[in-house]
Amino acid sequence: MGKELEFMLEAINLSKQGMMNNDGGPFGCVIVKDGNIVGRGWNKVTSTNDPTAHAEVTAIRDACKNLGTFQLEGCEVYTSCEPCPMCMGAIYWARPSRVFYANTRQDAADIGFDDSLIYEELTLPLNQRKIAIECLGRDEAMAVFNAWAAKADKTDY
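Here the structure is a predicted model, which is why all the values come from computation and not from measurement.

Asker: Sorry, what's going on with the overall build of the protein here?
Answerer: Assigned secondary structure in the protein consists of seven helices and four strands. Sequence-ordered secondary structure for the protein, helices as α and strands as β, is α-β-β-α-α-β-α-β-α-α-α. In terms of principal-axis extent, the alpha carbons of the protein reach across some 55 × 40 × 25 Å. The buried share among the 157 residues of the protein stands at 30%. If you take every contact in the protein between residues at least 6 apart in sequence, the share linking residues at least 24 apart comes to 48%. Here the protein has roughly 10,200 Å² of accessible surface; of this, 54% comes from carbon and sulfur atoms.

Quick look at the structure:
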């Protein structure tokens, strides 16, 4: 068995453990750097009352804490299921080099984890989405953006 499959089996094992502990849905993830697991996560949505506590997000948080960085350049993500739109956003922000997944988003939909509404909503103009989205207070918020742009001691990312 290759190292890649070993890492995926660890992610799958975390998905099963989290599910059996009633932490959340059956999803697990590991982050690997230089052949070593540097972060582990599993779905903790229902046990923490946090809709963002998906396996990939919890693994990214763990890896960043362990590595002392806010980006995961040179890392690989092994996740037991194709990442949802939120997790894909988190993955892109973290900037790993590669993502491996086991189950597909259709497999997840087949057991009640259907993200198709989100995928569809993201393609619609803001005024056509199911959740009302409107711009408010832009002038005041732009003052803070302008201050950020001029800030000499900021950490870019």
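Picking up where we left off.
Asker: How should I be thinking about the pattern of salt bridges in this particular structure?
Answerer: One side chain can pair with another of opposite charge once the charged atoms of both are near each other. The final tally for this structure, using the stated rule, is four salt bridges. The shortest N-O distance in the salt bridge between E4 and R98 comes to 3.9 Å. You can see E4 sitting in helix α1 (residues 3–20) and its partner R98 sitting in strand β4 (residues 98–103), a full 94 residues away along the chain. Residue R98 is classed as partly exposed on the basis of its relative accessible area, which comes to 43%. Between E82 and R105 there is a salt bridge, with its nearest N and O atoms 3.7 Å apart. Linking E82 in the loop between β3 (75–81) and α4 (85–94) with R105 in helix α5 (residues 105–110), this pair joins segments that are 23 residues apart in sequence.

Asker: Can you help me understand the side chain of E121 in this one?
Answerer: Tracing the backbone through its elements, the reader meets E121 in helix α6 (residues 116–123). Notably, E121 is buried but unbridged: the nearest opposite-charge side chain belongs to K130, and the N-O separation is 4.4 Å. With sequence-adjacent residues up to four places away left out, E121 is seen in contact with R129, K130 and I131.

Asker: Before we go on, may I ask you to explain the packing of aromatic side chains in this structure?
Answerer: Evaluation of the coordinates by the stated rule reveals five aromatic pairs. Judged by centre distance (5.8 Å) and plane angle (75 degrees), the rings of F70 and Y157 are edge-to-face. Of this pair, F70 sits in the loop between α3 (55–67) and β3 while Y157 sits in the segment after α7 (138–150), and the two are 87 residues apart along the sequence. Seen in terms of ring centroids, Y78 and F100 are 4.7 Å apart; in terms of plane orientation they differ by 10 degrees. Their pairing is stacked. Remark: F100 occurs in strand β4 and Y78 occurs in strand β3; sequence separation between them is 22 residues. Assigned by exposure class, Y78 and F100 land together as buried. Joined through ring pairs, the aromatic side chains of F7, Y78 and F100 make up one cluster. Here K44 stacks its cationic end above the ring of W42, 4.4 Å away from the centre of that ring.

Asker: Even after reading the chapter, I still don't get unusual backbone geometry, so can you show me in this structure?
Answerer: Backbone geometry follows two general trends: most residues other than glycine have a negative phi, and most peptide bonds adopt the trans configuration. Positive phi values are uncommon outside glycine, yet N22 reaches one of about 60 degrees. On the secondary structure map, N22 appears in the loop between α1 and β1 (28–33). In this model, N49 sits at a positive phi of 55 degrees, which is unusual for a non-glycine residue. Within the secondary structure layout, N49 lies in the loop between α2 (45–48) and α3. Given a relative accessible area of 71%, N49 falls into the exposed group.

Rules of the game
Numbering of residues starts from 1 in each chain and follows the order in which that chain's sequence is written. Per-residue local features are limited, in this predicted model, to residues with pLDDT of at least 70; the limit for side-chain atom pairs, both in listing and counting, is 80 or more; totals at the level of whole chains, interfaces and linings are taken over all residues. Excluded from the side-chain calculation are hydrogens and water; included are all heavy atoms of the structure. Helix numbering and strand numbering both begin at the N terminus, where a helix is a DSSP run of H or I of at least 4 residues and a strand a DSSP run of E of at least 2. Note on classification: 1.4 Å probe, protein chains only; a residue is buried when its accessible area is under 20% of the maximum for its type, exposed when over 50%, partly exposed between these limits. Whether two residues are in contact is decided by their heavy atoms, any of which lying within 4.5 Å being enough. A 1.4 Å probe and the Shrake-Rupley method give the accessible areas. Residues count as covered only by the protein chains that appear here. Definition used for salt bridges: Asp or Glu carboxyl oxygen within 4 Å of a side-chain nitrogen of Lys or Arg. Positive charge is attributed to Lys and Arg, negative charge to Asp and Glu, and no charge count is given to His or to the chain ends. Stacked, edge-to-face and tilted labels apply to pairs of Phe, Tyr and Trp rings (six-membered ring for Trp) whose centres lie within 6.5 Å, assigned for plane angles under 30 degrees, over 60, and everything in between, in that order. By the criterion adopted, a ring carries a charge over it if an Arg CZ or a Lys NZ lies within 6 Å of its centre and within 35 degrees of its normal.

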